[in-house]
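Commentary on secondary and tertiary structure
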Amino acid sequence: QVTLVESGGGLVPAGGSLRLSCAASGRAFSSYTMAWFRQAPGKEREFVTAVSWNAVVSTYYADSVKGRFTISRDNAKNTVYLQMNSLKPEDTAVYYCNADGRTPSFGIRYLEVWGQGTLVTVSS
């Protein structure tokens, strides 16, 4: 069983920075693609960024955060990070960590876990 716990949210002025952390319990953390999603008040949850599990680390970002946010992972600490710079009021949301496990062949999902979320508020 895998559990995810996010931390690092808070109130920050526009233009500021925050670093979110997502600590995972359980085994095989390095086998999962890790991602961050967010949900603003009154809106649907949206994808923010993801980092791959395999030896050649690759990352992917939503256009809205590209160049401002950076995702990274430390497999030794079972932790994924989201460094957020140049924050804007529209970045205000609850940020959720996600773990996605799929088979190497055919990409069949065998695990999907969500954290409880951490609130980020950017004041104008």
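Let me sum up the structure you'll find in this document.

Regarding its fold elements, the protein chain presents zero helices and eleven strands. Walking the protein chain from its N terminus toward its C terminus, one meets helices and strands in the order β-β-β-β-β-β-β-β-β-β-β. Relative to its length of 124 residues, the protein chain is compact, with a C-alpha radius of gyration of 14 Å against a globular reference of 14 Å. With respect to the three principal axes, the spread of C-alpha positions in the protein chain is 45 × 30 × 25 Å. Among the 124 residues that make up the protein chain, the fraction classed as buried is 44%. Restricting to contacts in the protein chain with at least 6 residues of sequence separation, those with at least 24 account for 55%. Working note: accessible area of the protein chain is about 6,700 Å², and carbon and sulfur atoms make up 53% of it. Between the mean site of the 12 positive side-chain charges and the mean site of the 9 negative ones, the protein chain shows a separation of 4 Å.

Moving on, we come to the nonpolar core. Judged by nonpolar contacts, the single largest core of 31 residues is most densely connected at Leu4, Met34, Trp36, Phe69, Val80, Met84 and Tyr95. Within the residue set of this core, elements represented by two or more residues are strand E3 (18–25), strand E4 (33–39), strand E5 (46–51), strand E7 (69–74), strand E8 (79–84), strand E9 (93–102), strand E10 (109–114) and strand E11 (118–123). Aside from chain neighbours lying at most four places away, what touches Met84 is Gly16, Ser17, Leu18, Leu20, Arg68, Phe69, Tyr95 and Val120.

Within this structure, the stated rule accounts for three aromatic pairs. Plain terms: the ring middles of Phe37 and Trp114 are 4.9 Å apart, the flat faces sit at 65 degrees to each other, and that makes the pair edge-to-face. Of this pair, Phe37 sits in strand E4 while Trp114 sits in strand E10, and the two are 77 residues apart along the sequence. Ring centres of Phe47 and Tyr60 lie 5.8 Å apart, and the angle between their planes is 35 degrees; this geometry places the pair in the tilted category. Separated by 13 residues along the polypeptide, Phe47 in strand E5 and Tyr60 in strand E6 (residues 59–61) bring together distant segments of the chain. You can call Phe47 partly exposed: its relative accessible area is 27%. Its end group placed over the ring of Tyr96, Arg45 keeps NZ or CZ at 3.8 Å from the ring centre. A cation over an aromatic ring shows up here: Arg45 above the ring of Trp114, its NZ or CZ 4.5 Å from the ring centre.

About the thresholds
- Position numbers for residues count from 1 along each chain, tracking the sequence in the order it is written.
- A pLDDT threshold of at least 70 governs which residues receive local features in this predicted model, and a stricter bar of 80 or more applies before side-chain atom pairs are shown or counted, although totals over entire chains, interfaces and linings include all residues.
- Water and hydrogen atoms were dropped before computing side-chain values, which therefore reflect all heavy atoms in the structure.
- Put simply, DSSP H or I for four residues or longer makes a helix, DSSP E for two residues or longer makes a strand, and each gets a number counted from the N terminus.
- Radius of gyration here is computed from C-alpha atoms only, and the compact-globule reference equals 2.2 Å multiplied by the residue count raised to the power 0.38.
- Note on exposure labels: buried denotes an accessible area under 20% of the residue type's maximum, exposed denotes more than 50%, and partly exposed covers the range between, all computed with a 1.4 Å probe on protein chains only.
- Contacts were defined at the residue level, with two residues in contact if any of their heavy atoms lie within 4.5 Å.
- In short, Shrake-Rupley with a 1.4 Å probe defines the accessible areas, and a residue's cover is counted only from the protein chains shown.
- The sign given to each residue is positive for Lys and Arg and negative for Asp and Glu; His and the chain ends receive no count.
- Working definition for charges: the position is that of NZ of Lys, CZ of Arg, CG of Asp or CD of Glu.
- Grouping buried Ala, Val, Leu, Ile, Met, Phe, Trp, Tyr and Cys residues that are joined through side-chain atoms within 4.5 Å yields what is termed a nonpolar core.
- Working definition: a ring pair exists when centres of Phe, Tyr or Trp rings (six-membered ring for Trp) sit within 6.5 Å. Plane angles under 30 degrees give stacked, over 60 give edge-to-face, the rest tilted.
- The criterion is that NZ of a Lys, or CZ of an Arg, lies within 6 Å of the ring centre and within 35 degrees of the ring normal, and then a charge sits over that ring.

By themselves these figures say nothing about function.
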